[in-house]
Amino acid sequence: AAGLDSGTISPGTTVYDSGAREVGGRVIQNYDRMGHGWVTMTDGLAQSLNTVAAFISTSTGKDTFYTSVQRFGFGNLTGVDLDSEGPGMVKRPGDSDWFQSDLGTNAFGQGIAVTPVQMLAAVSAVANHGLLMKPYIVEQFVTPDKVISVEPMAVRQAITEQTANTLTGMLVEVVSREATKAQVVGYRIAGKTGTAQIPTAYGYDPSATIASFVGFAPADDPQFAILVKLDKPQASPWANHTAAPAFRAIAERLMVYLQIPPDEIRLAQ
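Residues numbered from 1 in each chain as written. Predicted model: local features only at pLDDT ≥ 70, side-chain atom pairs only at ≥ 80, totals over all residues. Heavy atoms only, no water.

Undergrad: Give a description of the overall build of the protein that names residues and reports values.
TA: When helices and strands are counted, the protein shows nine helices and 13 strands. Rg of the C-alpha trace for the protein: 19 Å, near the compact-globule value of 18 Å for 269 residues, within the 12% margin. With the principal axes as the frame, the protein shows a C-alpha extent of 65 × 45 × 40 Å. Expressed as a percentage of its 269 residues, the buried residues of the protein come to 41%. Of the contacts made within the protein by residues no fewer than 6 positions apart, 61% connect residues no fewer than 24 positions apart. For the protein, the accessible area works out to roughly 14,300 Å², and carbon and sulfur atoms hold 54% of it. The average position of the 19 basic charges and that of the 25 acidic charges among the side chains of the protein differ by 4 Å. (Helix = DSSP H or I, 4+ residues; strand = E, 2+ residues; numbered from the N terminus. Rg over C-alpha atoms; globule rule 2.2 N^0.38 Å. Buried < 20%, exposed > 50% of the residue type's maximum accessible area, 1.4 Å probe, protein only. Contact = heavy atoms within 4.5 Å. Areas by Shrake-Rupley, 256 points an atom, 1.4 Å probe, with all protein chains shown as cover. Lys, Arg positive; Asp, Glu negative; His and termini not counted. Charge placed at Lys NZ, Arg CZ, Asp CG, Glu CD.)

Undergrad: Account for the pairing of strand β11 (residues 190–200), with residues named and values stated.
TA: The pairing of β11 with strand β12 (residues 203–217) spans 10 bridges and is antiparallel. Each bridged residue has a counterpart across the sheet, and for alanine 190 the counterpart in β12 is phenylalanine 216. (Pairing = 2+ DSSP bridges.)

Undergrad: Describe the sheet that holds β12, listing the residues and the values that go with them.
TA: Sheet architecture is open: three strands sit in the order β11-β12-β13, paired in antiparallel fashion. The sheet is open, and its two edges are formed by β11 and β13 (224–231), each paired on a single side. Mean inter-strand twist for the sheet, computed between neighbouring axes without regard to direction, equals 20 degrees. (Axes fitted to C-alpha atoms, helices over the stretch in contact; angles between N-to-C directions.)

Undergrad: Account for the pattern of salt bridges, naming residues and giving values.
TA: Counting across every chain of the model gives six salt bridges. Its salt-bridge partner being aspartate 102, residue lysine 91 comes within 3.3 Å of it at the nearest N-O pair. A residue pair is termed long-range when its members are at least 10 positions apart, and lysine 91 in the loop between β5 (89–90) and α5 (102–105) and aspartate 102 in helix α5 qualify at 11 residues. By relative accessible area, lysine 91 is classed as buried at 17%. A salt bridge links aspartate 263 to arginine 266; the nearest nitrogen and oxygen atoms lie 2.7 Å apart. Here aspartate 263 pairs with arginine 266, and both are found in helix α9 (residues 263–268), just three residues apart, close to one helical turn. In this pair, the class of aspartate 263 matches that of arginine 266, namely buried. Among the ionic contacts, a cluster of salt bridges with common partners joins Asp43, Glu173 and Arg177. (Salt bridge = Lys/Arg side-chain N within 4 Å of Asp/Glu carboxyl O.)

Pasting the structure below:
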């Protein structure tokens, strides 16, 4: 989003992926420790290439990158009406614990901690044409004297509408090409897998992950967003094999519950 919004990249921008990229003295590698040759930005997103994410953040520059992170609400309270909300963790240039290498690793999620509500709000901003909304749980406060309704509240335009639409198209490609276990027959789904290593006092846990899938549908007219987060899944460490099928099962039921016709029928109407 930061790269697209600043005009630094487009979905078709190409870069040569050798399997490793040095940022601030640290060598960043892909999850499979392999190079993938010439790839586009959409390829990098679909294949979860850390090197491509680092290319985007370093090309965009630290000021623009971290401004975008902040505009999506990461590192700050969303203000949701739930007790004990945390702000997550985002290191920024100028902080004593921020290093140049963080610009590379933060791009694919390492060194940033977010809450599930923050993640859903940020992804929903993409679905909502770039507009970040304040999440809320309670719809009405009812007293013997009156009823107070809670109205949706816009926080800010996180990215432009054009960037949101472009990114949505890229996320549809992610699901159709790589995260296929999240597909729902008859509907275009926009989404992304996440497979996060778990930090410990002695470094990252070598055997456990947090697997997640976040997405929204229908892609052209979103009616819901879903985040599935699995702590230390046993069947597979990879989100495409665990969180993505769970997303599909929930989305299939929501399509029926919300009476959303398949894309072909809905768009024809």
